[in-house]
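The chain contents come next:
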Amino acid sequence: GALFGAARKAGVVAEDLAARCRRVGVIPFSSERKLMSTAQTDTDRGGRTVLVSKGAPDILLARCTHESVGKEDRPLAAERRQAILAAVEGLAAEALRTLGVAFRVLEHAEGQPGLDLELERELVWLGLVGMIDPPRPEAQRAVQEARAAGIRTIMITGDHPATAAAIAVELGIVPGGARALAGPELSAMGAGDLERAVREVSVYARVSPEHKLRIVEALQKQGEVVAMTGDGVNDAPALKRADIGVAMGITGTDVSKEASDMVLLDDNFATIVAAI
């Protein structure tokens, strides 16, 4: 919705773009890659096929070799990479969700249906989008009620660590300056280190579904009773391993619902607190 709004403000009409660009392939979003890409033929450019990728800016930027400046593509110098990453950090610190966008023109043989993950390389960086996804008004109150009942709320998200930390502070999950543990750090931790970390850390960012399972198991080894929420197929192991698995009823997949003990019909965190 935010992207459609931004496009309208820039004078881009979705219907006109759809008529100009025919989609010929897609690489679906993956929580492991944190990217998605589509390929489309552009009738305004002689029918050439273009791969357009969007996803986590820090991950997408690493796949870029150039950036689009005006009407030319310039090599991405180290200082420009740092400047872009600094802009990501700045937006994330304001609790904005960030999304990077990049593209590359495909060779004729590459533009066939059934796109390969290897195509997400040597991309041209187009820009950065910052979007506000405000917490529901009742969420902060629900977090406070949960704490009063002796329940600790933990945020696990694929968002940028600074975004996750800012939203967690806003919701009252953690105090200002609290640490957010990122997926790569979590991957490098042994079981003992993670068990020590989960005693203190309540915000996890850039996390994959496998990390969720490890967090659940580490908390359980501390003697905690764990309720875990999730909506994807890959969340099923963590939902099943948790003492109480809670699937999303609106956005949740059938697999996540079958692996859970409860289904949240309105996908609202406050409803969990009401249920308790």
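*Asks:* I'd like to hear about the sheet that holds strand S13 (residues 262-264), residue by residue, with values.
*Replies:* With respect to topology, three strands assemble into an open sheet ordered S11-S12-S13, the strand pairing being parallel. Either end of the sheet is taken by a strand with one partner, and the two such strands are strand S11 (227-230) and S13. Here the strands of the sheet are splayed against their neighbours by 25° on average, with no regard to which way each runs.

*Asks:* Account for the sheet that holds strand S9 (residues 181-182), naming residues and giving values.
*Replies:* Adjacent strands of a sheet form backbone hydrogen bonds with each other and so pair up, either parallel or antiparallel. An order of S8-S10-S9 is seen for the three strands of this open sheet, with the pairing classed as parallel. Only two strands of the sheet have a single neighbouring strand rather than two, namely strand S8 (155-156) and S9. Sheet analysis places S8 next to strand S10 (residues 203-205), joined by two bridges and oriented parallel. By the bridge assignment for S10, Ile 156 is matched with Tyr 204. Across the face of the sheet, helix H6 (residues 161-171) comes into contact with S8, S9 and S10 while running at roughly 150° to S10.

*Asks:* Before we move on, can you summarise the pattern of salt bridges with the specific residues and values?
*Replies:* Evaluated as defined, the whole model comprises 16 salt bridges. The salt bridge partner of Glu 72 is Arg 74, with a shortest N-O separation of 3.0 Å. Assessed through its relative accessible area of 41%, Glu 72 is described here as partly exposed. Put simply, Glu 185 and Arg 179 hold a salt bridge, and the shortest N to O gap is 3.9 Å. Bridged by salt links that share partners, the residues Arg 20, Asp 42 and Asp 44 form one connected network.

*Asks:* Break down the pairing of strand S7 (residues 123-132) for me, citing the residues and quoting the values.
*Replies:* Sheet topology note: the strand S4 (residues 64-69)/S7 ladder contains three bridges and is parallel. Along S7, the bridge assignment pairs Glu 67 with Trp 125. In the sheet, strand S6 (residues 96-105) pairs with S7 via eight bridges, with the strands oriented antiparallel. For Arg 97, the partnering residue across the bridge sits in S7 and is Met 131.

*Asks:* Explain unusual backbone geometry to me, and be specific about the residues and the numbers.
*Replies:* Even without being a glycine, Ala 95 presents a positive backbone phi close to 65°. Secondary-structure assignment places Ala 95 in the loop between helix H4 (78-93) and S6. One non-glycine residue with positive phi stands out, namely Glu 122, at about 50°. Here Glu 122 shows up in the loop between S6 and S7.

*Asks:* Account for the pairing of S4, with residues named and values stated.
*Replies:* As judged from the four bridges shared by S4 and strand S5 (residues 72-75), these two strands associate in the antiparallel manner. Bridged to Val 69 within S5 is Glu 72. Adjacent in sequence and paired antiparallel, S4 and S5 are bridged by two residues, among which Gly 70 carries a positive phi angle near 65°.

*Asks:* Go over helix H5 (residues 137-148) with me, naming the residues and quoting the values.
*Replies:* The complete set of buried residues in H5 reads Ala 139, Ala 142, Val 143 and Ala 146. The buried side chains of H5 occupy one side of the element, clustering within an arc of 105° when seen end-on. Projecting away from the buried face of H5 at angles above 90 degrees are the exposed residues Pro 137 and Ala 148. Taken together, the buried residues of H5 touch H6 and helix H12 (269-275). Gly 150 sits one or two residues past H5 and shows a positive phi near 85°.

Cut-offs and rules
Residues numbered from 1 in each chain as written. Predicted model: local features only at pLDDT ≥ 70, side-chain atom pairs only at ≥ 80, totals over all residues. Heavy atoms only, no water. Pairing = 2+ DSSP bridges. Helix = DSSP H or I, 4+ residues; strand = E, 2+ residues; numbered from the N terminus. Axes fitted to C-alpha atoms, helices over the stretch in contact; angles between N-to-C directions. Contact = heavy atoms within 4.5 Å. Salt bridge = Lys/Arg side-chain N within 4 Å of Asp/Glu carboxyl O. Buried < 20%, exposed > 50% of the residue type's maximum accessible area, 1.4 Å probe, protein only. Arc of directions from axis to C-beta.

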